[in-house]
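Fold and geometry: a report
Single-letter residue listing:
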Amino acid sequence: MRKTIFHIDLDAFFCSCEEIVNPELRGKIFVVSGRNKRSVVSCASYPARKLGIKAAKPIYMELQKYPRLIVVPGHYELYDQMSMNFFSYIKKHYSNICEEMSIDECFLDVTNCLKHYNNDPVLLAKHLQTNVRKTLGLSVSIGISHNKFLAKMATDLNKPLGITTVLTEQELKEKIWPLPIEEMFFVGPPTAKKLKKIGINTIGDLANFDDIKLLELTLDRNWFFTQQNAQGHGDDFVDTTKNDPKSQSVSHTLLDPTNDPTEIETTLKYIAQELQTKLEAYKMVGGCVGIIYKINKINRIKNQTLDKYIYRWEDLANYAIKLLGSVWDGSSLIQLLGINISKLKKVDGNESLEQQLVPKKKNKLNKIVEDVNKKLGKDLVFIAKDKFIS
């Protein structure tokens, strides 16, 4: 039995969240971004996109295009919460076989719930799309296929509020094969450039390219996987194990680089409070803290493995401040600050996070590993069962 896979993308997600809390923004030309010269656009509303305003572009350049552009500061705690609400909703009401790809997109294996919708994936997609809009206020576009690659490609063909199928060979040939090779998922600009040099200009060209030796020479070990995708034979395994994050972090670019200890400490405390919110949402505690900082345009990080689990912002801030003090000369201007927490532990059932704030159990082997890693200066040695068995 062939699987039915949805790729679901939240349309202009950050902007949609802002419209929910401020309905006056609906239909307006606006972006989510900082306002200083180094800021880049995080998300553009669809009316703004029609004017050529795009994400990842410097805000000062986009304001030159359209001086009346409304600039809304980001509220990332809100986006995290709305994202979690969305994933919780679709897992509860549609399918718990969900692979979260980012804050605003996922793959959903709906094979087993199609029977409730007359085995019609489009009917199911419309039901999901309508109810997410009605319940959460969010707009989604959905791509439908028998594998993840084609579902992802289908979504991008019709946004916003689109539903697109690529379920047959005819649809593959009509909808996907004519697309330029640079629009193929997993193919970046450097790879597209290489493929064009050997006469592959569209996805269809790649699917039907029969000089396997030349293709292998061009793409190296990725040739088979890439051509299989183009031919419609992609992976259909929706990996739910990717949903629990391995680490969490929050970072902020400073409006003006600073070496003021008070400003730095205040910023780290604010960041720690944001990070605590994320950990509480995921019901996780962590056993390794890291300070993230940028000096002279170079990102750096210093980690410390703890002998206990933490999640409270006070603890996060204290460790981060101490770690920064151990590596910063006190005079260099800091351009970015952040806190990372890893070695995360999920809290099960009705247990509280507080119940997890106890020292980690150590045995003789743990002590040996810890001592070796201290001498090496890095966490290079580990106990296999702790690394690979959850």
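This text goes with the structure placed above it.
Here's a quick rundown of the structure. (Residues numbered from 1 in each chain as written. Predicted model: local features only at pLDDT ≥ 70, side-chain atom pairs only at ≥ 80, totals over all residues. Heavy atoms only, no water.)

Right, let's get into the pattern of salt bridges. Opposite charge on two side chains allows them to pair when their charged atoms are near. Tallying each qualifying case throughout the model produces 12 salt bridges. Across the pair E62 and K65 runs a salt bridge, and its minimum N-O distance is 3.3 Å. Taken together, the residues E62 and K65, both in helix α3 (residues 59-65) and three residues apart, mark about one turn of the helix. Of the charged contacts in the structure, one is a salt bridge between D156 and K159, with a shortest N-O distance of 3.4 Å. K159 sits in the partly exposed class, given a relative accessible area of 33%. Through salt bridges with shared partners, one network takes in D9, D156 and K159. (Salt bridge = Lys/Arg side-chain N within 4 Å of Asp/Glu carboxyl O. Helix = DSSP H or I, 4+ residues; strand = E, 2+ residues; numbered from the N terminus. Buried < 20%, exposed > 50% of the residue type's maximum accessible area, 1.4 Å probe, protein only.)

Further remarks concern the packing of helix α1 (residues 13-21) against helix α4 (residues 76-93). The contact between α1 and α4 brings their axes to 10 Å, and the two run at 100°. Classified by the interaxial angle, the pair formed by α1 and α4 is roughly perpendicular. For the pair α1 and α4, contact is made by F13, F14, C17, E18, I20 and V21 and by Y76, L78, Y79, M82 and S83, respectively. Here the residues of the contact of α1 with α4 sort into nine nonpolar, one polar and one charged. (Axes fitted to C-alpha atoms, helices over the stretch in contact; angles between N-to-C directions. Parallel < 35°, antiparallel > 145°, perpendicular 65-115°, else oblique. Contact = heavy atoms within 4.5 Å. Nonpolar A, V, L, I, M, F, W, Y, C, P; charged D, E, K, R; others polar.)

Take the pairing of strand β8 (residues 163-166) next. The pairing of strand β7 (residues 140-145) with β8 spans four bridges and is parallel. Bridge pairing links G143 to T164 in β8. (Pairing = 2+ DSSP bridges.)

What follows deals with the side chain of S145. Considering the arrangement of structural elements, one finds S145 in strand β7. Residue classification places S145 among the buried positions, given a relative accessible area of 1%. Every residue in contact with S145, bar those within four places of it in the chain, is listed here: K3, T4, I5, L150, A151, V166 and L167.

Let us now look at the sheet that holds strand β3 (residues 43-44). Taken together, three strands build an open sheet; the order of strands is β3-β2-β4 and the sheet is mixed. Looking along the sheet, the strands with just one partner apiece sit at the ends: β3 and β4 (70-72). Along the sheet, α1 contacts β2 (30-32), β3 and β4; its crossing angle with β2, the most-contacted strand, is approximately 110°.

Moving on: the nonpolar core. The biggest cluster of nonpolar side chains holds 36 residues, and the ones touching the most others in it are I8, F86 and I90. Listed by contribution, the elements that provide at least two residues to this core are β1 (5-10), α1, β2, α4, β6 (105-109), α5 (121-136) and β7. Counting residues per element, this core draws most heavily on α4, which supplies six residues. Apart from residues lying up to four places away in sequence, I8 is in contact with F86, I90, D104, E105, C106, L108, L128, V140, S141 and I142. Formed by 30 residues, the second largest nonpolar core is a distinct cluster that contains V285, I295, Y311 and L344. (Core = buried A, V, L, I, M, F, W, Y, C linked by side-chain atoms within 4.5 Å.)

The linkage connecting K159 with the following residue, P160, adopts the cis geometry, with an omega of -5°. Relative to the helices and strands, P160 resides in the loop between α6 (148-155) and β8. Not every positive phi belongs to a glycine, and A12 is a case in point at roughly 40°. When you line up the elements, A12 lands in the loop between β1 and α1. Unlike most non-glycine residues, L161 shows phi in positive territory, near 55°. Mapped onto the elements of the fold, L161 is located in the loop between α6 and β8. Assessed through its relative accessible area of 41%, L161 is described here as partly exposed.

Time to look at the packing of aromatic side chains. Enumeration over the complete set of coordinates arrives at 10 aromatic pairs. Residues Y76 and Y79 carry aromatic rings whose centres are separated by 5.3 Å and whose planes lie at 85° to one another, so their mutual orientation is edge-to-face. Taken together, the positions of Y76 and Y79, both in helix α4 and three residues apart, correspond to about one turn of that helix. Within the aromatic cluster, the residues linked to one another by ring pairs are F13, F14, Y76 and Y79. Positioned above the aromatic ring of Y46, the side-chain terminus of R49 is 4.4 Å from the ring centre. Directly above the ring of F185 sits K152, whose terminal nitrogen or CZ lies 5.3 Å from the centroid. (Phe/Tyr/Trp six-rings, centres within 6.5 Å; stacked < 30°, edge-to-face > 60°. Lys NZ or Arg CZ within 6 Å of the ring centre and 35° of its normal.)

Moving on, we get to the sheet that holds β7. On the basis of which strands lie adjacent, the open sheet formed by five strands has the order β5-β6-β1-β7-β8 and mixed pairing. Either end of the sheet is taken by a strand with one partner, and the two such strands are β5 (98-102) and β8. This sheet shows a mean twist of 20° between the axes of neighbouring strands, independent of strand direction. Where α4 meets the sheet, it contacts β1, β5, β6 and β7, and its direction lies at approximately 160° from that of β5. Of the strands in this sheet, β1, β6, β7 and β8 are in contact with α5, which crosses β7 at around 160°.

A separate point is the layout of surface pockets. Space inside the second largest pocket adds up to approximately 1200 Å³. In terms of lining residues, the second largest pocket is bounded by 34 residues, among which G34, Y76, S251, H252 and T253 are the most central. A per-element tally of the lining of the second largest pocket places strand β9 (residues 247-258) first, with nine residues. Residue classes in the lining of the second largest pocket are distributed as 11 nonpolar, 13 polar and 10 charged. (1 Å grid on protein atoms, 1.4 Å probe; cavity = no way out; pocket = protein on both sides within 12 Å on 5 of 7 lines; lining within 4 Å. Points joined across faces, edges and corners; volume = space filled by probe spheres on them.)

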